[in-house]
Amino acid sequence: MKLGVICDGISRDLAYAVDVMDEFELEYAELQFVGDTEVGDHTGAEIRAIDQLLRDHGKPVSCLSRHVFAGLTTANVAGDEMHIKHMDALKRLIEMAQVVGSPLVRIMTNRKEQILWGHGGAEKWNVAHGAWDKTLDLIAPAVELARIDGITMVVETGNGTMVNSNFTARKLIDDLDAKDVLKVLWDPANNCWCHERAIPDGYEEVKDGYLGHVHIKDVLVDTPRATLTVKKMGEGQLADQFDPMAAALRGDGYDGVISFESVYHPGNGDFEAGFRQSIEIFKRHFG
């Protein structure tokens, strides 16, 4: 398996982040923010400079991760002002991917409606009727764009989004008939919020050709209290699942990138310190 990091979890100064990657022998760079700018919003000159820096240091780009479609709701429709804004950003993201050689671009989904399907009376009283179909309508134009431009998208299992589990990610792909251009960006820590256990439940949903990319961090969720705590790797609720996850991925020949997501700090807001406390544990499990 190929190991990398979401670079701005170390620093938005990409040159510094690359030096830290070298220190810990991480090869693949996932880009989200470079400087104060989200990927997809850089100028042509800035993109060429980013590309040159990474090539000079032998750091292939694994994924360009913009928050495309995040923040949309079921009140939005394809072709409205906000949807067009996100589609335009996706087009710019794809253009950047073609320059820096990124095989993947990330999309998200619109804001979560809690109950999408129901039985035994819930289908009448509790389901957010039509919410899932509206999500399909919002994502379908992106699928067509990806086919035209020859790029693969990955949809992240995100907190607070319609796709917040591997089950919903796979269903999105199947319902859009998009397995050729849309894969799952599996973030098992995010999936903890909806109580989808990484192994075996989550992995079983995506192992058959649906998995495109992986984010790793550790968390502790308290859904009743609406509280999420990011933990040092190995001290959260995924601690006993990392080794089985890695074994399953190796056993099935996963050859994509696993990106460490450095969003933990040890109480002082220093995310690089959090990175340094966790990265060797990450490498021990997945290296």
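Everything below is about the structure shown above.
Please read all numbers here as calculations on a predicted model, not as lab measurements.

**Q** What exactly am I supposed to notice about the overall build of the protein chain here?
**A** When you go through the protein chain residue by residue, the secondary structure sums to ten helices and twelve strands. For the protein chain, whose C-alpha radius of gyration is 18 Å, the value lies close to the compact-globule estimate of 19 Å for 287 residues. For the protein chain, the spread of C-alpha atoms along the principal axes amounts to about 55 × 45 × 40 Å. When each of the 287 residues of the protein chain is scored for burial, the buried share is 53%. For the protein chain, the share of sequence-separated contacts (at least 6 apart) that also reach a separation of at least 24 residues comes to 75%.

**Q** Is there a simple way to explain the layout of surface pockets in this structure?
**A** Empty space left among the atoms is revealed by rolling a probe the size of a water molecule over them. Counted as a void, the largest pocket has a volume near 320 Å³. Taken together, 18 residues form the lining of the largest pocket, with His 67, Glu 156, Lys 217, Glu 261 and Val 263 sitting closest to its centre. Looking at side-chain class alone, the lining of the largest pocket contains six nonpolar, seven polar and five charged residues. Each pocket or cavity is described by its volume, and for the second largest pocket that value is around 190 Å³. Contributing to the lining of the second largest pocket are Lys 112, Gln 114, Gly 160, Asn 164, Ser 165, Phe 167, Thr 168, Trp 193, Cys 194 and Thr 223. Partitioning the lining of the second largest pocket into residue classes produces three nonpolar, six polar and one charged.

**Q** Sorry if this is basic, but what is going on with the state of the cysteines here?
**A** Simply put, the disulfide is a covalent bond whose two ends are the sulfur atoms of two cysteines. If you walk through the whole model with that rule in mind, you get zero disulfides. Considering cysteine sulfurs only, Cys 63 is the nearest to Cys 7, which forms no disulfide, with 12 Å between them. You can call Cys 7 buried: its relative accessible area is 3%.

**Q** Got a minute to help me understand unusual backbone geometry in this structure?
**A** Glycine aside, the phi torsion of most residues is negative, and most peptide linkages are trans. Put simply, Ile 199 and Pro 200 share a cis peptide bond, and its omega is 5°. As for its placement among the helices and strands, Pro 200 is situated in helix H8 (residues 198–206). Positioned with a positive phi, Asp 177 is a non-glycine residue whose angle comes to about 50°. On the secondary structure map, Asp 177 appears in the loop between helix H6 (166–175) and strand S8 (182–186).

**Q** Would you explain the side chain of His 83 in this entry?
**A** Here His 83 is to be found in helix H3 (residues 81–100). When neighbours within four sequence positions are excluded, His 83 is seen to be in contact with Phe 69, Leu 72, Val 77, Ala 78, Leu 138 and Pro 141.

**Q** Help me understand the pattern of salt bridges in this model?
**A** Pairing between side chains of opposite charge can happen when their charged atoms approach one another. A complete count under the given rule lists 18 salt bridges for this structure. Here Asp 187 ties to Lys 217 by a salt bridge, and the two come within 2.6 Å at their closest N and O atoms. In this pair, Asp 187 is assigned in the loop between S8 and helix H7 (188–191) and Lys 217 in the loop between strand S9 (211–216) and strand S10 (218–222), connecting sequence segments 30 residues apart. Across the pair, exposure class does not vary: Asp 187 and Lys 217 are buried alike. Residue Glu 272 is joined to Arg 276 by a salt bridge in which the shortest nitrogen-to-oxygen separation is 3.0 Å. Separated by four residues within a single helix, Glu 272 and Arg 276 lie in helix H10 (residues 271–286), roughly one turn from each other. Judged by relative accessible area, which is 33%, Arg 276 ranks as partly exposed. Taken together, the shared-partner salt bridges in this structure form one network comprising Glu 38, Asp 41, Arg 66 and Arg 92.

**Q** Explain the nonpolar core to me, please; I cannot follow it from the model alone.
**A** Note on soluble globular proteins: their nonpolar side chains tend to be buried together. Residues Leu 31, Leu 64, Leu 90, Phe 282 and Phe 286 are the most contacted members of the largest nonpolar core, which totals 84 residues. If you tally residues by element for this core, the top one is helix H5 (residues 131–149), at nine residues. Apart from the residues lying within four places of it in its own chain, the contact partners of Phe 282 are Leu 3, Gly 4, Leu 26, Ile 216, Met 233, Ile 258, Ser 259, Phe 260 and Gly 287.

**Q** What exactly am I supposed to notice about the sheet that holds S9 here?
**A** Note: strands within a sheet are paired through backbone hydrogen bonds, in either parallel or antiparallel orientation. Pairing in this closed barrel of eight strands is parallel, and the strands run S1-S2-S5-S6-S7-S8-S9-S12 around the ring. Going from strand to strand, the sheet's axes swing by 30° on average, the running direction of each strand aside. Summarising the sheet, strand S2 (residues 28–31) and strand S5 (residues 61–68) pair through three bridges and their orientation is parallel. Along S5, the bridge assignment pairs Ala 29 with Val 61.

Calculation criteria
- Residues numbered from 1 in each chain as written.
- Predicted model: local features only at pLDDT ≥ 70, side-chain atom pairs only at ≥ 80, totals over all residues.
- Heavy atoms only, no water.
- Helix = DSSP H or I, 4+ residues; strand = E, 2+ residues; numbered from the N terminus.
- Rg over C-alpha atoms; globule rule 2.2 N^0.38 Å.
- Buried < 20%, exposed > 50% of the residue type's maximum accessible area, 1.4 Å probe, protein only.
- Contact = heavy atoms within 4.5 Å.
- 1 Å grid on protein atoms, 1.4 Å probe; cavity = no way out; pocket = protein on both sides within 12 Å on 5 of 7 lines; lining within 4 Å.
- Points joined across faces, edges and corners; volume = space filled by probe spheres on them.
- Nonpolar A, V, L, I, M, F, W, Y, C, P; charged D, E, K, R; others polar.
- Disulfide = S-S within 2.5 Å.
- Salt bridge = Lys/Arg side-chain N within 4 Å of Asp/Glu carboxyl O.
- Core = buried A, V, L, I, M, F, W, Y, C linked by side-chain atoms within 4.5 Å.
- Pairing = 2+ DSSP bridges.
- Axes fitted to C-alpha atoms, helices over the stretch in contact; angles between N-to-C directions.

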